[in-house]
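Geometric and topological summary
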Amino acid sequence: MLIRRSPDIRSSEITDESLYWRRRDWLASLGFGAAAVVMPRLAHAVSRQEETNTWDEVTGYNNFYEFGTGKDDPRKYAGTLRPYPWTVSVEGEVARPGRYDLAKLFGGLSWEERVYRFRCVEAWSMVVPWNGYPLREVIKRLEPTSNAKFVEFTTLYDPEQMPGQRRSILPWPYIEGLRMDEAMHPLTLLVTGVFGKVLPNQNGAPVRLIVPWKYGFKGIKSIVRIRFVEDQPVNTWKASASHEYGFYANVNPDVDHPRWSQATERRLGKLRRQPTLPFNGYADQVADLYRGMDLRVNY
Ligand SMILES: Nc1nc2c(c(=O)[nH]1)N[C@H]1C(S)=C(S)[C@@H](COP(=O)(O)O)O[C@H]1N2
Ligand SMILES: [Mo]
């Protein structure tokens, strides 16, 4: 993961949410580095330097079954999603439940203020400069109770905006979950952008999860509900194929998927496969979370 200082961020570029969304095309035209903010507290988390995948790869080869199962379906069909206005419902074991628009969810931060640059290798894999904000900062402000042991996330359910939901390829709506300590890890991001631009619909606009040391399916898109719970949530992929997908989904070259090896990966755009690293290369930062757990059982 790499966090980079932006060459310039002008106060004129800092705007409120609604204005920002009206200006998304304008913002998109600003391009690289237009909206990165460095938080010194996280600056130590720099690890690998890897070549970033291209905009076309990141936004043209996606998994978002709400828009079809083909890797090029989301780019073609996600135009029916309307990411603004958007609210997230905060529920469960928490002192501040309620409906939050994005500005409120992020404590009044403008979009530009919630962008960090992270590099994160995705499932198939990719190196993506996500722009996001640590989930922990959001959670702290919502004040979970001591009963909150897990956080559950839910994607929008609206077959009109998401035509793939008219078919029962997956149990809808899409659900993911994290243990509280995973959710509170500084690498866990609520992502609102990529390449310094607004998150395209096919990547999970307006807000999605990125957990850099886990497989792609933990990165739930277009989140409308965050629920603090006592029991481990039943995530969609585990619910639909529990022998293939577990709750933890930590990147683990030593544990094969029943139908394929997970020892190597092919970086999109590269010909040769490369070894997959435990915890996707973030072992130094996250292995402690799982000390004493059998990661062959808890996959
Ligand atoms: N709501 C929702 N979120 C989702 C998915 C999905 O089908 N629906 N697919 C997941 C999977 S399997 C992957 S690999 C990543 C892909 O994210 P990307 O398209 O931005 O690379 O999104 C995850 N989040
Ligand atoms: Mo995936």
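Below, the structure is looked at part by part.

Criteria and cut-off values
Along each chain, the written sequence defines residue order, and numbers are assigned to residues from 1. Lettering for chains starts from A, numbering for ligands starts from 1, and both go in the order in which the items are written. Residue-level local features of this predicted model are given only where pLDDT is at least 70; pairs of side-chain atoms are given and counted only at 80 or more, and the full residue set underlies all totals for whole chains, interfaces and linings. The side-chain numbers reported here are obtained from all heavy atoms of the structure, hydrogens and water having been left aside. Here, a salt bridge means any side-chain nitrogen of Lys or Arg that lies within 4 Å of a carboxyl oxygen of Asp or Glu. Helix and strand definitions here come from DSSP, where helices need a minimum of 4 consecutive H or I residues and strands a minimum of 2 consecutive E residues; each element is numbered from the N-terminal end. Should DSSP find at least two bridges between two strands, the strands are regarded as paired. Nearness is judged by heavy atoms alone; a residue qualifies as near a molecule or strand once a single heavy atom is within 4 Å of it. Nitrogen and oxygen atoms within 3.5 Å of one another constitute a polar contact, given that in protein one can donate a hydrogen and the other can accept it, and given that sequence-neighbouring residues count only through two side-chain atoms. Surface accessibility follows the Shrake-Rupley procedure with a 1.4 Å probe radius. Residue values consider only the protein chains on display as shielding. For this classification, Asp, Glu, Lys and Arg are treated as charged, while Ala, Val, Leu, Ile, Met, Phe, Trp, Tyr, Cys and Pro are nonpolar and the rest, including Gly, are polar. Working definition: with a 1.4 Å probe on protein chains only, accessible area under 20% of the residue-type maximum means buried, over 50% means exposed, and in between means partly exposed. Centres within 6.5 Å make a pair out of two Phe, Tyr or Trp rings, where for Trp the six-membered ring is used; the pair is then stacked when the planes are under 30 degrees apart, edge-to-face when over 60, and tilted otherwise. Remark: a charge is flagged as sitting over a ring if the NZ atom of Lys or the CZ atom of Arg is within 6 Å of the ring centre and within 35 degrees of the ring normal. Note on definitions: angles span 0 to 180 degrees between N-to-C directions of axes, and those axes are lines fitted to C-alpha atoms, for helices only across the stretch in contact.

**Remarks on the pattern of salt bridges**
Summed over all chains, the structure comprises 14 salt bridges. Taking the shortest distance from any N to any O, the salt bridge between Glu143 and Arg96 comes out at 3.1 Å. You can see Glu143 sitting in the loop between helix H6 (135–142) and strand S5 (150–155) and its partner Arg96 sitting in the loop between strand S1 (87–92) and strand S2 (98–101), a full 47 residues away along the chain. Among the charged side chains, a salt-bridge network with shared partners connects Glu91, Glu152, Arg225 and Arg227.

**As for the pairing of S1**
On any regular strand, side chains alternate: one points to one face of the sheet, the next to the other face. Judged from the four bridges that link them, S1 and S2 form a sheet pairing that is antiparallel. Considered in S2, the bridge of Val88 is made with Tyr100. In this antiparallel pair of consecutive strands, S1 and S2, the connection spans five residues.

**Description of the site of ligand 1**
Neighbouring ligand 1 are 16 residues, the closest being Asn62, Tyr65, Glu66, Gly219 and Lys221. A distance of 3.0 Å separates an oxygen atom of ligand 1 from a polar atom in the side chain of Asn203. At a separation of 3.0 Å, an oxygen atom of ligand 1 approaches a polar side-chain atom of Arg208. Protein contact buries 97% of the 540 Å² of open area that ligand 1 shows by itself. Split by residue class, the shell around ligand 1 holds seven nonpolar, six polar and three charged.

**Points about unusual backbone geometry**
For the bond from Tyr84 to Pro85, the omega torsion is -5 degrees, close enough to zero to count as cis. As for its position among the elements, Pro85 is in the loop between helix H4 (73–77) and S1. Within the chain, Phe279 stands out as a residue other than glycine whose phi angle is a positive 50 degrees. Relative to the assigned elements, Phe279 resides in the loop between strand S12 (274–275) and helix H9 (283–286). Residue Phe279 is classed as buried on the basis of its relative accessible area, which comes to 9%.

**Structural notes on the packing of aromatic side chains**
Tallied over the full model, the rule gives 10 aromatic pairs. Measuring from ring centre to ring centre gives 5.1 Å for Phe217 and Tyr245, while their planes differ by 75 degrees; the resulting arrangement is edge-to-face. Placement of Phe217 in the loop between strand S9 (208–210) and strand S10 (223–229) and of Tyr245 in the loop between helix H8 (236–240) and strand S11 (264–265) is noted, with a sequence separation of 28 residues between them. Judged by its relative accessible area of 14%, Tyr245 is buried. Here a set of aromatic residues connected by ring pairs shows up, and it is made of Phe150, Phe247, Tyr248, Phe279 and Tyr290. If you follow Lys104 out to its NZ or CZ, it ends over the ring of Tyr100, 4.4 Å from the centre. For the cation-ring pair, Arg208 lies above Trp130, with the distance from its terminal atom to the ring centre recorded as 4.6 Å.

**Considering the sheet that holds S5**
The strand order across the open sheet built from five strands is S2-S1-S10-S5-S6, with neighbouring strands paired in mixed fashion. Of all the strands in the sheet, the pair left with one neighbour each is S2 and strand S6 (175–179). On average, each strand axis in the sheet is inclined to that of its neighbour by 20 degrees, with strand direction left out of account. Relative to S10, S1 runs parallel, the two sharing four bridges.

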